[in-house]
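Residue strings, one per chain:
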Amino acid sequence: MAASRFYVTCALLLIGVVLLGQQGIEGAVACPQYCLEVDYVTCPSSGSEKLPARCNCCLAPKGCTLHLSDGTQQTCS
């Protein structure tokens, strides 16, 4: 009798861990492993101040703009 309660408790804990783990995966975002040639970054919160370069939008705050060395810009959404 005690052994069956133990197994039921373990099974419920295992199911709970699996369900909690699945919820954590949904919020995860994959970050690309490449670097753009960024000269500097500007963000609305810092005005026109030139911030240090970031490799790509995954590493820069949302709403900021990456200013690339070829003169183009990439806005991070």
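Residues numbered from 1 in each chain as written. Predicted model: local features only at pLDDT ≥ 70, side-chain atom pairs only at ≥ 80, totals over all residues. Heavy atoms only, no water.

## Re the overall build of the chain
Then step 1. Of the regular secondary structure elements, the chain holds one helix and three strands.
Then step 2. By residue count, 17% of the 77 residues in the chain fall in the buried class.
Then step 3. The contacts of the chain with a sequence gap of at least 6 include a subset with a gap of at least 24, amounting to 33%.
Then step 4. Working note: accessible area of the chain is about 6,000 Å², and carbon and sulfur atoms make up 62% of it. (Helix = DSSP H or I, 4+ residues; strand = E, 2+ residues; numbered from the N terminus. Buried < 20%, exposed > 50% of the residue type's maximum accessible area, 1.4 Å probe, protein only. Contact = heavy atoms within 4.5 Å. Areas by Shrake-Rupley, 256 points an atom, 1.4 Å probe, with all protein chains shown as cover.)

## A closer look at the environment of P61
Then step 1. Along the chain, the position of P61 falls in the loop between β1 (38-42) and β2 (65-68).
Then step 2. What makes P61 partly exposed here is its relative accessible area of 43%.
Then step 3. Along the chain, P61 and S77 lie 16 residues apart, while their C-alpha atoms are 8.6 Å from each other.

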